[in-house]
Amino acid sequence: ASAQGIPGLGQPQPSAPASVQVQVLNSPSKGFQIGYPTGWQVITGSNEVDYGFMSPDQTAFCVVVSATVPEIAGATDEQLRAAMSVPQGEEFWTNVFFSQFQNVKYLHAGANTGHPGGWPLQTVIASADVDENGTPLNYTFAGILTLKGGMMYRTMCYTPSAGFEQAKAQFFAVFESFKITK
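The text that follows walks through the structure, step by step, so that each part is easy to find. (Residues numbered from 1 in each chain as written. Predicted model: local features only at pLDDT ≥ 70, side-chain atom pairs only at ≥ 80, totals over all residues. Heavy atoms only, no water.)

### Observations regarding the overall build of the protein chain
Then comes step 1: A count of helices and strands for the protein chain gives three helices and ten strands.
Then comes step 2: Listing the helices and strands of the protein chain from first to last along the sequence gives β-β-β-β-β-α-α-β-β-β-β-α-β.
Then comes step 3: Sequence-distant contacts in the protein chain: of pairs separated by 6 or more residues, those separated by 24 or more amount to 51%.
Then comes step 4: Within the structure as shown, the protein chain displays about 9,300 Å² of accessible surface, and the carbon and sulfur contribution to it stands at 51%. (Helix = DSSP H or I, 4+ residues; strand = E, 2+ residues; numbered from the N terminus. Contact = heavy atoms within 4.5 Å. Areas by Shrake-Rupley, 256 points an atom, 1.4 Å probe, with all protein chains shown as cover.)

### Considerations on the packing of aromatic side chains
Then comes step 1: Enumeration over the complete set of coordinates arrives at 21 aromatic pairs.
Then comes step 2: Ring geometry for phenylalanine 97 against phenylalanine 101: centres 5.6 Å apart, planes inclined by 35°, an arrangement best described as tilted.
Then comes step 3: By relative accessible area, which is 12% here, phenylalanine 97 ends up buried.
Then comes step 4: Among the residues examined, phenylalanine 101 registers a relative accessible area of 15% and is labelled buried.
Then comes step 5: Here the aromatic cluster, defined as three or more aromatic residues joined through ring pairs, consists of Phe61, Phe97, Phe98, Phe101, Tyr106, Tyr139, Phe141 and Tyr158.
Then comes step 6: Cation over ring: lysine 148 sits above tryptophan 119, and NZ or CZ is 4.6 Å from the ring centre. (Phe/Tyr/Trp six-rings, centres within 6.5 Å; stacked < 30°, edge-to-face > 60°. Buried < 20%, exposed > 50% of the residue type's maximum accessible area, 1.4 Å probe, protein only. Lys NZ or Arg CZ within 6 Å of the ring centre and 35° of its normal.)

### Focus: the nonpolar core
Then comes step 1: If you look at the biggest cluster of nonpolar residues, it comprises 46 residues, and the most contacted ones within it are Phe53, Phe98, Phe141 and Phe171.
Then comes step 2: For phenylalanine 171, the residues in contact, after removing those within four places along its chain, are Trp40, Ala60, Phe61, Cys62, Ala142, Cys157, Tyr158, Thr159 and Phe164. (Core = buried A, V, L, I, M, F, W, Y, C linked by side-chain atoms within 4.5 Å.)

### Looking at the state of the cysteines
Any covalent bond linking the sulfur atoms of two cysteines counts as a disulfide.
Then comes step 1: In total, this model carries one disulfide according to the counting rule given.
Then comes step 2: One disulfide in the model links cysteine 62 with cysteine 157; its S-S distance is 2.0 Å. Between cysteine 62 and cysteine 157, the disulfide has an S-S torsion of 110° and is therefore right-handed. Taken as a pair, cysteine 62 in strand β5 (residues 61–68) and cysteine 157 in strand β9 (residues 151–160) lie far apart in primary sequence, 95 residues in all. Here the two residues cysteine 62 and cysteine 157 agree in accessibility, since each one is buried. (Disulfide = S-S within 2.5 Å.)

### Section: the pairing of β9
Then comes step 1: Here β9 lies mainly inside the structure; eight of its ten residues are buried.
Then comes step 2: Sheet analysis places β5 next to β9, joined by eight bridges and oriented antiparallel. From the neighbouring strand, threonine 68 faces β9, where its bridge partner is methionine 151.
Then comes step 3: The sheet contact formed by strand β8 (residues 135–148) and β9 spans ten bridges and is antiparallel. Bridge pairing links threonine 140 to threonine 159 in β9.
Then comes step 4: Where β8 hands over to β9, the hairpin turn is made up of two residues, of which glycine 149 adopts a positive phi near 55°. (Pairing = 2+ DSSP bridges.)

### A few points about the pairing of strand β2 (residues 32–37)
Then comes step 1: Within β2, five of the six residues are buried, which leaves the element mostly enclosed by the surrounding structure.
Then comes step 2: Hairpin connection of strand β1 (residues 22–27) to β2: four residues between the antiparallel strands, including glycine 31 at a positive phi of 80°.
Then comes step 3: Sheet topology note: the β2/strand β10 (residues 179–180) ladder contains two bridges and is antiparallel. Residue pairing in the sheet places phenylalanine 32 in a bridge with isoleucine 180 of β10.

What follows is the structure in structure tokens.
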């Protein structure tokens, strides 16, 4: 599927709503900053999650994760920039996120080399079934991931698929606000 019409992933959408305002959080110890849409709730992180964001109606969510990756410890930033500048594809996204879900359908898997944060990112949009109390519910996920300085930075936003069109402007505002600070 084409990423056209998706801000930051293809051609800008002419009918896009006014820009979404974000509040920026800084994580100096992890070396990044990221914003969440005004009015969304911040859920403090755990050991595995840096931040969680939840929409006011509790139907859309973003999860921000950063972690050291021993397998890339020997890679230079130039090597990582080169790798993040080309789409790593669906298998990459299956390995780093979607292996736990059923009925994954990729709508987009690409690379954004012109991200405002100044570092190239992998980008994805996919739908998958999530078990909700024994019933599979179809969600649409949109995410970014990049590698730099031995670290992996991943932000994944998701909502029941019926609400994705309504939520995507907020999701892309979160992605656009991401920046590595060290």
